[in-house]
Amino acid sequence: MRLYAVVAAGGFRRHATYRIATAAGVFTNTVFGFILAYTYTALWGEHPQLGGYDMSQALTYVWLGQALLATSAMMGGGFEDELVERIRTGDVAVDLYRPVDLQLWWLAGDLGRAAFQLLARGVVPMLLGALAFPLALPGSPGVWLAFLVSVTLGVVVSFALRYLVALSAFWLMDGAGAAQIAFLAGLFFSGLLLPLTLFPGVLGEVARALPWSALLQVPADVFLGKHAGWGLVEAFAFQGGWALALLLAGRLVQSVATRRVVVQGG
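Residues numbered from 1 in each chain as written. Predicted model: local features only at pLDDT ≥ 70, side-chain atom pairs only at ≥ 80, totals over all residues. Heavy atoms only, no water.

## So, the overall build of the chain
Stated formally: Comment: elements are numbered from the N terminus, with helices defined as DSSP H or I runs of at least four residues and strands as E runs of at least two. The globule rule used for comparison is 2.2 Å times the number of residues to the exponent 0.38, while the radius of gyration itself is calculated over C-alpha atoms. Buried residues are those whose accessible area, probed at 1.4 Å on protein chains only, stays under 20% of the maximum for their type, while exposed residues exceed 50% and partly exposed ones sit between those limits. Contact criterion: two residues are considered in contact whenever any of their non-hydrogen atoms come within 4.5 Å of each other. In short, Shrake-Rupley with a 1.4 Å probe defines the accessible areas, and a residue's cover is counted only from the protein chains shown. Only four residue types enter the charge count, namely Lys and Arg as positive and Asp and Glu as negative; His and the chain termini do not. Note on charges: their place is set at NZ of Lys, CZ of Arg, CG of Asp or CD of Glu.
From N to C terminus, the chain includes 12 helices and 0 strands. When its helices and strands are written in sequence order, the chain yields α-α-α-α-α-α-α-α-α-α-α-α. Relative to a compact globule of 266 residues, whose C-alpha radius of gyration would be 18 Å, the chain shows 19 Å and is just as compact. Taken across its 266 residues, the chain has 45% of its residues classed as buried. For the chain, the share of sequence-separated contacts (at least 6 apart) that also reach a separation of at least 24 residues comes to 79%. With an accessible surface of roughly 12800 Å², the chain has 71% of that area assigned to carbon and sulfur atoms. Taking the average location of the 15 positive side-chain charges in the chain and that of its 14 negative ones, the two points are 9 Å from each other.

Structural data, given as structure tokens:
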């Protein structure tokens, strides 16, 4: 476990070196946060309590989305491009023969990336949003802790989804198509555009049951106090269940791909 902790720390330091890119990301998140906040203000002004949120909760949802956009890599941009390239060039064969677990290696690095993005591109836009708008911030340390747990589970779900997308390159040789599909699904079904509670009927039920809702919708509702007591346990179980299922699916695909590499190498 010490090895993976070192990998996670390396992932944090690696992304910390891109200071200009980070500053640009903070600026972009803040600008889009203001655009969405004013849009939500107009929408909730016409329809109070829309989706079960009051005005301050809706505005808080906006800034949580901007804070978690890069943290949970809802639009991609994590490790997957590098892994796809290693698969395409064949360098992944070296990785598979190393005395480390391939999935845990990339997961550790992605957790380090997510920690940096949360601190660098999450905190600043959230603070600016709180200065400009009346946000519904939790007053209980327990809610903040539950939120961090939910964010962590969401990051693991995001990793597991992107890991499967990257492994598709073993058969497609180019993960661009699969990555684009995953990007669109994450953009729509995470709740980044609109809270999933606004989706009507069967579409809303399906959207809230899909794994992408674990990236933003669930953590945001935890932050806003929508999940408490047994409801909080159910929220964690939902995220943890998807994380476990997707990680196991990734291991299965990885195992099949490994056998393919061994056969071709032989």
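## Quick look at the pattern of salt bridges
Put simply, the test is: A carboxyl oxygen of Asp or Glu within 4 Å of a side-chain nitrogen of Lys or Arg is what we treat as a salt bridge.
Evaluated as defined, the whole model comprises 6 salt bridges. Between aspartate 101 and arginine 251 there is a salt bridge; the shortest N-O distance is 2.8 Å. One end of the pair, aspartate 101, is in the loop between helix H5 (92-97) and helix H6 (102-132); the other, arginine 251, is in helix H12 (residues 230-265), with 150 residues separating them in the sequence. Between aspartate 110 and arginine 113 there is a salt bridge whose closest N-O contact spans 2.8 Å. Taken together, the residues span about one helical turn, with aspartate 110 and arginine 113 both in helix H6 at a distance of 3 residues. On the basis of relative accessibility, which here comes to 2%, the residue aspartate 110 falls in the buried class. It is possible to trace a salt-bridge network through shared partners that takes in Glu80, Asp110, Arg113 and Arg162.

## Points about the nonpolar core
Across soluble globular proteins, nonpolar side chains show a tendency to be buried alongside one another. What counts, and what does not: Residue types Ala, Val, Leu, Ile, Met, Phe, Trp, Tyr and Cys, when buried and joined through side-chain atoms within 4.5 Å, form a set referred to as a nonpolar core.
In terms of nonpolar packing, the biggest core is built from 59 residues, with Leu83 and Tyr163 touching the most fellow members. Setting aside anything within four residues of it in sequence, one finds tyrosine 163 in contact with Phe79, Leu83, Leu102, Gln103, Trp106, Gly250 and Gln254.

## Digging into unusual backbone geometry
Phi is positive for glutamine 49, close to 65°, though the residue is something other than glycine. Within the chain, alanine 73 stands out as a residue other than glycine whose phi angle is a positive 50°. Counting through the fold element by element, alanine 73 comes out in the loop between helix H3 (55-71) and helix H4 (80-89).

## Here's the deal with empty space enclosed by the protein
Spelled out, the test is: The way it works is a 1 Å grid over only the protein atoms, where trapped points that fit a 1.4 Å probe form a cavity and open points with protein on both sides within 12 Å along at least five of seven lines form a pocket, and then any residue with an atom within 4 Å of a point lines it. Grid points are joined across faces, edges and corners, and a volume is the space filled by probe spheres set on the points.
Scanning all chains against the criterion turns up 1 cavity of 30 Å³ or more. The computed volume of the largest cavity comes to approximately 50 Å³. Every residue lining the largest cavity is listed: Leu36, Tyr40, Tyr61, Val62, Gly65, Gln66, Gly191, Leu192, Leu193 and Leu216. Of all elements in the fold, only helix H2 (19-46) and H3 reach the threshold of two or more residues within the lining of the largest cavity. By residue number, the principal contributor to the lining of the largest cavity is H3, which donates 4 residues.

## Re the environment of leucine 43
For leucine 43, the location among the structural elements is in helix H2. Residues leucine 43 and leucine 192, spaced 149 residues apart in sequence, show a C-alpha to C-alpha distance of 16 Å. Ignoring any residue separated from it by four or fewer positions in sequence, one finds leucine 43 in contact with Leu50 and Leu194.

## Looking at a nonpolar patch on the surface
Short version of the rule: For patch detection, residues must exceed 30% relative accessible area and be free of salt bridges, and they are connected within 9 Å for like charges or within 5 Å for nonpolar side chains (Val, Leu, Ile, Met, Phe, Trp, Tyr).
A contiguous nonpolar patch, built from Phe27, Val31, Phe32 and Ile35 and spanning about 400 Å² of accessible area, is present on the exposed surface. Counting through the fold element by element, phenylalanine 27 comes out in helix H2.

## A few points about the packing of aromatic side chains
Going by this rule: Pairing of aromatic rings covers Phe, Tyr and the six-membered ring of Trp, with a centre-to-centre limit of 6.5 Å; geometry is then stacked below 30 degrees between planes, edge-to-face above 60, and tilted otherwise.
Counted by the stated rule, this structure contains 18 aromatic pairs. With a centroid separation of 5.9 Å and 45° between ring planes, the pair formed by tyrosine 53 and tyrosine 61 is classed as tilted. Judged by relative accessible area, tyrosine 61 falls into the buried class, the value being 1%. Counting every residue linked through ring pairs, the aromatic cluster contains Phe34, Tyr38, Trp63 and Phe133.

## A look at H2
Note the threshold: Take the residue count of a helix, subtract one, and multiply by 1.5 Å to get its expected span.
An ideal rise of 1.5 Å per residue puts 40 Å on 28 residues; H2 measures up with 41 Å between its terminal C-alpha atoms. Those residues of H2 lying buried are Thr22, Gly25, Val26, Asn29, Thr30, Gly33, Ala37, Tyr40 and Trp44.

## Details of the packing of H6 against helix H7 (residues 141-167)
Convention followed: In this analysis an axis means a line fitted to C-alpha atoms, helices contributing only their contacting stretch, and an angle means the value between N-to-C directions, from 0 to 180 degrees. Each angle receives one of four descriptions, namely roughly parallel if under 35 degrees, roughly antiparallel if over 145, roughly perpendicular if within 65 to 115, and oblique otherwise. Left-handed describes a crossing whose near helix is turned anticlockwise from the far helix through less than a right angle; right-handed describes the clockwise counterpart. Under the grouping applied here, Gly and all other residues not named as nonpolar or charged are polar, the nonpolar ones being Ala, Val, Leu, Ile, Met, Phe, Trp, Tyr, Cys and Pro and the charged ones Asp, Glu, Lys and Arg.
Where H6 contacts H7, the axes come no closer than 10 Å and their chain directions differ by 130°. Judged on the interaxial angle alone, H7 and H6 are oblique. Crossing geometry of H6 relative to H7 is assigned as right-handed. Residues Leu102, Gln103, Trp106, Leu107, Asp110, Leu111, Arg113, Ala114 and Leu118 of H6 form the contact with H7, whose own contacting residues are Leu148, Val155, Val156, Phe159, Arg162 and Tyr163. Taken together, the residues that form the contact of H6 with H7 break down as 11 nonpolar, 1 polar and 3 charged.

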